[in-house]
Amino acid sequence: MNTKYMAYSDESMLARGSRGARWGLARMGVLAVLGLGLGAACDKGAGAPQEGASGRVAMPDRGATAEAPPVVGGRRGAAGEEAARGGSQRANEAAAQAAKPGERGGAAEAIAEDGSARSFGAELARVYEAWSAEERSLVDEFGKSLDGAIAREGLFREWVKKVYAARPGRLPIMSRDGALTEDADYLVQAIEAVPTHGLDPKPYELDRLGGLLETYAKKRMEIDAARPASDSAVWKFLLAHRPAAGAKLDEAALRAKAEDAGLSDRHLGDLSEARKQLNQMIATQRTMNSVLAELDAFLVGKLHRWVFDMRFAKKAHPFLADKTDEDGLKRVSGDLVKVMAVDLGVPGAVQTLAESVVPRFPDYEPTRQALARYRDLATRYATHLELGKEVEKAGPGKSGDYVSKLEERLAQEGYYNGVPTGRWSDALEQAVNAYQETHQLKVTGRVEKIMRGSLNRTYAERAQMIELSLARYRESDLHQGTFRFGETPLRARVNIPAMEARFFVGTELGRKHRVIVGNNDTETDAEKGKRGKLNQTRLLTAEMATVVLNPVWNVPKRIKEQELDLLLGDEPDYYEKHNFKVEVNPDGTERVVQQPGPGNALGEVKFLFPNQFAIYMHDTPKKKLFERPVRAFSHGCMRTESPVDLARWILVEVDKEMTNEEFDAILAKREERHFALNPKIPISTDYVTTTIDEQGRIVFLADVYGFDKDYFDGKTPYKADKDFPMTIIF
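Since the structure is predicted, the reported quantities are computational estimates derived from the model, not experimental observations. (Residues numbered from 1 in each chain as written. Predicted model: local features only at pLDDT ≥ 70, side-chain atom pairs only at ≥ 80, totals over all residues. Heavy atoms only, no water.)

Once that is clear, we can look at the overall build of the protein. Assigned secondary structure in the protein consists of 25 helices and 22 strands. Across the protein, the fraction of contacts at a sequence separation of at least 24, relative to all contacts at a separation of at least 6, is 69%. For the protein, the computed accessible surface area is about 32,800 Å², with 50% contributed by carbon and sulfur atoms. (Helix = DSSP H or I, 4+ residues; strand = E, 2+ residues; numbered from the N terminus. Contact = heavy atoms within 4.5 Å. Areas by Shrake-Rupley, 256 points an atom, 1.4 Å probe, with all protein chains shown as cover.)

This is the structure in structure tokens:
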């Protein structure tokens, strides 16, 4: 038996209760019988199956003359391709004849249809013919069972059909030699673990899977019980000298081999007994095959579901989420077919495919572990400890019940490890600081109103927040898009709630920069006559193509009319003081341009990645804003901390466009210079309200644009607007 599979069964028993206990029966033994995909197992001697290096039962050595026989579970040799009709009926007739009692070890004879005595060689040939006919029948029955099982696979039925249609001979994928493969073992574990990814377990039919595995385990026991009770010379000969699949039977040669083995007509009784055992095993295998067919189609269907959920589904995107799974499947049908276009029958292929579609973000696995932790907290502290307003008075010299509650609340999450005293202490202040660091709060060492509100959020709410974050990792363009994470040598990711840009070299973090993102104010575009969240930084993926040193700022029309023109009313020389120039476009309209130099809104550098929203990254003279934990102040572009260092890294170290000295000289001239990047750097903006810090702690971020809240309230996806794509318009 596959020890890996059984170890998994043991680990899962407590979680599955009685179902796990019943599934554990499969550990009691596996019979690999004959060539029916079951192998040979007569006793615990040389002929018994042995554990191979992989932990799966190895087939016994049948010697140089023994051919590997066809496997019933859909695997077949040349003989299986004949698919002879009526084989089952002929085999049953032969079985009835052979089952007549004879004198074991004596001179009993088999009786032919014409009433004459039948020789040992002739009867042996007849056994082999019936055996082959039964195998062909079983192969046909397996195909029919498989068709029925595929028809029950619902949403992914047509895609599952395509996978089997591409396989010659309708071979099974998840079983081999009458047993589930190690790939199937892995997939079962992955399927049962889908809740740990924050995925809805309902489409994976875990109860149905448990029932199939339970039936599979029982059938394995039945096969074990059906094995021969003896290790007679006839039985061993029958196994060792079966002709190769498709080979023509040579009765004379069989008789000669039998004589060499010391077998003759006086062993016809033993042959009759062996035939009874063979018929019993075939009958047991017939019922096992229907279970294997059901499991095969079920697991292949769930593999499609896994690939779809992990790689293609969009359910959490605030603007682009699919209404239903059917919509999502139609959207990515071609892509799903391409990903599934591998030979799943090759050992290890299923596991490789299943692993390849899991997000490779460094934060994904720690976030999944955090989900398990907060689900556990939600169970242990189902009644959440609420902190009253008086906790905001806690500080040095303070004591009382409210301090005790604060200690208890912080201890639950592991921030406070001291002995509860009900008195303010340095240890409690450090715990408050740690909590503030991991919840995007200003670190003050005191419980202010916003922190109290954070502490009063239940663990169940935090678990939901983490589930949504995992979904957004899976739906990120870094995972689903053209420039997949880890497959490009250099790429950038901006997480809007974290207000941070990260540059990755392969899968390793190269650089990290704080950014200021678009504000969440409600504004009106007078020209379009629309009102909404016009300054939000949009969710996008593009390629950083140009680094600009000493940029000029071409002021957008909306900002000129709604902000700068108002300042001119109070300060007529505002443009002159801040280095703005008014230029006239060819159509006669005016445009305002701020020249390079001190006070330029774009600072000393900007990073261009062409996109429909005219969003880019740039420097800013307002450096103090980077000290704030929540930094949503821009008109949509991303102001970047230490952008000169970032530009130097890209142009000097990565792109090797220039030396450090040349970089400094260009910057000092205060003349705008554009540098095209080769290669370009893919960059994506995401919206994930958790992250993992350098200490490995889960960090809960502000839902700055309310996307999470609206998701849970059922308000997303937002209605599309042709004038302002991916913008909330009222």
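From this point, things continue past the structure.
With the rule as written, the count across this model stands at 21 aromatic pairs. Taking 6.1 Å as the distance between ring centres and 20° as the angle between the ring planes, the aromatic pair formed by Tyr574 and Phe580 counts as stacked. Each of the two residues, Tyr574 as well as Phe580, counts as buried. Relative to Phe580, the ring of Tyr575 has its centre 5.5 Å away and its plane inclined at 45°; by these criteria the two rings are tilted. Phe580 sits in the buried class, given a relative accessible area of 9%. Members of the aromatic cluster, connected to one another through ring pairs, are Phe319, Tyr687, Tyr705, Phe707 and Tyr718. Here the basic side chain of Arg242 rests over the ring of Trp131, its NZ or CZ set 4.0 Å away from the ring centre. Residue placement shows Lys302 over the ring face of Phe298; its charged tip is 4.6 Å from the ring centre. (Phe/Tyr/Trp six-rings, centres within 6.5 Å; stacked < 30°, edge-to-face > 60°. Buried < 20%, exposed > 50% of the residue type's maximum accessible area, 1.4 Å probe, protein only. Lys NZ or Arg CZ within 6 Å of the ring centre and 35° of its normal.)

Turning to the sheet that holds strand 14 (residues 580-584), a few remarks are in order. Strands sit in the order 13-15-14 across an open sheet of 3 strands; the sheet is antiparallel. Edge strands, defined here as strands with exactly one partner in the open sheet, are strand 13 (553-554) and strand 14. In terms of strand pairing, strand 13 meets strand 15 (residues 590-594) through 2 bridges, oriented antiparallel. Counterpart to Trp553 in the pairing with strand 15 is Gln594. (Pairing = 2+ DSSP bridges.)

Helix length check: helix 9 (residues 206-225) (20 residues) gives 29 Å between terminal C-alpha atoms against 28 Å at 1.5 Å per residue, within 8%. Buried residues of helix 9: Leu209, Gly210, Leu212, Leu213, Glu214, Tyr216, Ala217, Lys219, Arg220, Ile223 and Asp224, and no others. (Expected span 1.5 Å × (residues − 1).)

Turning to its location among the elements, Asp525 is positioned in strand 10 (residues 523-525). Judged by its relative accessible area of 11%, Asp525 is buried. Along the backbone, Asp525 and Gln562 are 37 residues apart, and their C-alpha atoms lie at a distance of 9.2 Å. Asp525 has contacts with Lys530, Leu534, Arg558, Gln562 and Phe724, leaving out every residue within four places of it along the chain. Here Glu527 takes part through its backbone nitrogen, which lies 3.1 Å from a polar atom of the side chain of Asp525. (Polar contact = N/O pair within 3.5 Å; in protein donor to acceptor, adjacent residues only side chain to side chain.)

Looking now at the pairing of strand 20 (residues 673-686). Bridge count between strand 7 (residues 490-495) and strand 20: 4 bridges; the pairing is parallel. Residue Val494 lies in a different strand from strand 20, and its bridge partner there is Thr685. Pairing of strand 12 (residues 541-549) with strand 20 involves 8 bridges; the strand directions are antiparallel. Pairing of Met544 across the sheet is with Ile681, part of strand 20.

This part is about the pairing of strand 9 (residues 508-518). In terms of strand pairing, strand 8 (residues 500-505) meets strand 9 through 6 bridges, oriented antiparallel. Across the sheet, Phe504 pairs through a bridge with Leu509, a residue of strand 9. Where strand 8 folds back onto strand 9 in an antiparallel hairpin, the turn is made up of 2 residues, including Gly506, whose phi is positive at roughly 65°. Relative to strand 19 (residues 638-640), strand 9 runs antiparallel, the two being bridged by 2 bridges. When the bridges of strand 19 are listed, Val515 appears paired with Thr640.

What follows is about the packing of helix 10 (residues 233-240) against helix 12 (residues 268-312). Their axes nearest at 9 Å, the elements helix 10 and helix 12 cross at an angle of 55°. In terms of their interaxial angle, helix 10 and helix 12 are classed as oblique. Considering how the two elements wind past one another, helix 10 and helix 12 form a crossing that is right-handed. Listed contacts from helix 12 to Val234, Trp235 and Leu238 of helix 10 are Asp270, Leu271, Ala274, Gln277, Leu278 and Met281. Considered class by class, the residues forming the contact of helix 10 with helix 12 number 7 nonpolar, 1 polar and 1 charged. (Axes fitted to C-alpha atoms, helices over the stretch in contact; angles between N-to-C directions. Parallel < 35°, antiparallel > 145°, perpendicular 65-115°, else oblique. Left-handed = near helix turned anticlockwise from the far one by under 90°. Nonpolar A, V, L, I, M, F, W, Y, C, P; charged D, E, K, R; others polar.)

Take the side chain of Lys560 next. Checked against the element boundaries, Lys560 lands in helix 21 (residues 557-570). Beyond its immediate sequence surroundings of up to four residues, Lys560 is in contact with Val555, Asp565, Tyr575, Glu590 and Val592.

Judged by nonpolar contacts, the single largest core of 72 residues is most densely connected at Leu299, Leu303, Trp306 and Val307. Looking at this core, the element that brings in the most residues is helix 12, giving 15 residues. In terms of nonpolar packing, the next biggest core, distinct from the first, is built from 57 residues, Phe503, Ile559, Ile615 and Ile681 among them. (Core = buried A, V, L, I, M, F, W, Y, C linked by side-chain atoms within 4.5 Å.)

Mapped onto the fold, Gln595 is located in the loop between strand 15 and strand 16 (605-608). Classification of Gln595 as buried rests on a relative accessible area of 19%. Those residues in contact with Gln595 that sit more than four places away from it in its chain are Val552, Asn579, Lys581 and Asn600.

Both trends apply: most residues other than glycine have a negative phi, and most peptide bonds are in trans. Cis rather than trans, the peptide bond between Asn678 and Pro679 has omega equal to 5°. The peptide bond linking Thr716 to Pro717 adopts the cis configuration, its omega dihedral lying at 5°. Residue position: Pro717 is located in the segment after helix 25 (707-712). Notably, Glu205 is not glycine yet its phi reads approximately 50°, a positive angle. Positionally, Glu205 belongs in the loop between helix 8 (182-192) and helix 9.

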